[in-house]
Amino acid sequence: MFYYLLKYVLLGPLLRLVFRPRIEGLGHVPSSGAAIVAGNHLSFSDHFLMPAVLKRRITFLAKAEYFTGPGIKGRLTAFFFHSAGQIPVDRSGKDAGQAAIREGLGVLDKGELLGIYPEGTRSHDGRLYKGKVGVAVMALKAGVPVVPCAMIGTFEAQPPGRKIPRIRPVTIRFGEPLDFSRYAGMEREKAILRAVTDEIMYAILSLSEQEYVDRYAADAKAAETERKAEEKRRTPRMPLR
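In short, a report on the structure. (Residues numbered from 1 in each chain as written. Predicted model: local features only at pLDDT ≥ 70, side-chain atom pairs only at ≥ 80, totals over all residues. Heavy atoms only, no water.)

**Focus on the overall build of the protein**
Looking only at helices and strands, the protein features nine helices and nine strands. Here the C-alpha radius of gyration of the protein, 19 Å, is about what a compact globule of 241 residues would show, namely 18 Å. If one aligns the C-alpha atoms of the protein with their principal axes, the spans along those axes are about 70 × 45 × 35 Å. Evaluated residue by residue, the protein yields a buried proportion of 47% over its 241 residues. Contacts in the protein between residues far apart in sequence, at least 24 positions, make up 79% of those at least 6 positions apart. When the accessible area of the protein is evaluated, it comes to approximately 13,300 Å², of which 56% is carbon and sulfur surface. (Helix = DSSP H or I, 4+ residues; strand = E, 2+ residues; numbered from the N terminus. Rg over C-alpha atoms; globule rule 2.2 N^0.38 Å. Buried < 20%, exposed > 50% of the residue type's maximum accessible area, 1.4 Å probe, protein only. Contact = heavy atoms within 4.5 Å. Areas by Shrake-Rupley, 256 points an atom, 1.4 Å probe, with all protein chains shown as cover.)

**Concerning the pairing of strand β5 (residues 113-116)**
The alternating pattern of β5 places L113 and G115 and L114 and I116 on opposite faces, both of which are buried. In this sheet, β5 lies alongside strand β2 (residues 35-39) in parallel orientation, the contact comprising four bridges. Following the sheet pairing, A35 is matched in β5 by L113. Alignment of strand β3 (residues 58-63) against β5, held across three bridges, turns out to be parallel. Each residue of the ladder has a partner; that of F60, found in β5, is G115. (Pairing = 2+ DSSP bridges.)

**Concerning a nonpolar patch on the surface**
A cluster of nonpolar side chains, contributed by Y4, L5, Y8, V9 and L10, occupies part of the molecular surface with about 480 Å² of accessible area. In this structure, V9 sits in helix α1 (residues 2-10). Relative accessible area serves as the criterion here: at 52%, V9 is assigned to the exposed category. (Patch = residues over 30% accessible without salt bridge, like charges linked within 9 Å, V, L, I, M, F, W, Y side chains within 5 Å. Salt bridge = Lys/Arg side-chain N within 4 Å of Asp/Glu carboxyl O.)

**Comments concerning the packing of helix α2 (residues 12-19) against helix α3 (residues 46-53)**
For any two helices packed against each other, the geometry is given by the interaxial angle and the distance between the axes. Close contact between α2 and α3 brings their axes to 10 Å; oriented N to C, the two are set at 105°. Taken as axis vectors, α2 and α3 run roughly perpendicular relative to one another. On the side of α2, the interface is formed by G12, L15, R16 and F19, while α3 contributes F48, L49, A52 and V53. A per-class count over the contact of α2 with α3 returns six nonpolar, one polar and one charged. (Axes fitted to C-alpha atoms, helices over the stretch in contact; angles between N-to-C directions. Parallel < 35°, antiparallel > 145°, perpendicular 65-115°, else oblique. Nonpolar A, V, L, I, M, F, W, Y, C, P; charged D, E, K, R; others polar.)

**Points about α2**
Listing the buried residues of α2 in full gives G12, L15, V18 and F19. Axial view of α2: buried residues confined to an arc of 130°, hence all on one face. Remark: R20 follows α2 within two positions and exhibits a positive phi of approximately 45°. (Arc of directions from axis to C-beta.)

**Some words on unusual backbone geometry**
Positive phi values are uncommon outside glycine, yet R20 reaches one of about 45°. Counting through the fold element by element, R20 comes out in the loop between α2 and β1 (22-24). Although it is not a glycine, E209 sits at a positive phi angle of roughly 60°. Structurally, E209 is set in the loop between α8 (190-208) and β9 (212-216). Using a relative accessible area of 67% as the deciding quantity, one classes E209 as exposed.

**Observations concerning α8**
For α8, spanning 19 residues, the distance from its first C-alpha to its last is 27 Å, which sits close to the expected 27 Å at 1.5 Å a residue. Within the sequence span of α8, burial applies to I192, L193, R194, V196, T197, I200, M201, A203, I204, L205, L207 and S208. If you follow the buried residues of α8, they end up packed against β2, β6 (128-130), α6 (134-142), β7 (146-152), β8 (171-174) and β9. Two residues or fewer past α8, E209 is found with a positive phi of approximately 60°. (Expected span 1.5 Å × (residues − 1).)

**Description of the sheet that holds β5**
Strand order in the open sheet formed by seven strands is β1-β8-β7-β2-β5-β3-β4, and the pairing between neighbours is mixed. Strands with a single pairing partner mark the edges of an open sheet, and in this sheet they are β1 and β4 (86-89). The average undirected angle you get between the axes of adjacent strands in this sheet is 25°. Packing against the sheet, α8 makes contact with β2, β7 and β8, and its axis sits at approximately 35° to β7.

**Here's the deal with the packing of α6 against α8**
The contact between α6 and α8 brings their axes to 8 Å, and the two run at 105°. In terms of orientation, α6 and α8 fall into the roughly perpendicular class. Across from V135, A136, V137 and L140 in α6, the residues of α8 making contact are I192, L193, V196, T197 and I200. Here the contact of α6 with α8 is built from residues that sort into eight nonpolar, one polar and no charged.

Written as structure tokens, this is what we have:
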């Protein structure tokens, strides 16, 4: 109930006013039945913009940190994300991937839409990074289509670290559903999972026209953080006077 209050009354109209989203290919999203919507991830706003423009409810897998903050602010944040259709997933530890797959399959088993960012985290520089195979595992196990989606302009509107987005138009572009029924029963084959994931990422790339990096986003982000830290260590300090 609160999901639709956010979508149509509290948050949705505000998002449409701020971002003035242009929607392309909305008819590619199935009107009923289970499906995965796989998109690029450029901004914190992506979590809310896509649900605001879809006619159906969509559930996203979100990092558990959004649900575990301390105090009243933490509880309000957790309530908000739950109400907005987000499911917490602990991304730490060796079983993190399996937990995400389990939660995602639970959504699909109900015949609902599941939203996934195959990159696993937000892009720190606006480029599209290598996809993780969890999206392929879920698509093959559930036997559902994957609708590629490109968020365009959200990085410029609200890049990482910016709390208040800039007022500027964005585009949300949906592509034709991808059918992987030819790989039914092959969700344990690593080569198949990689091929399916790469096909999904190529479809997203074709829609977004981003620069592609054949590397996981988390690894690239960690390397960039380390590079900046190293530069800071090497920068000579000005002597005190």
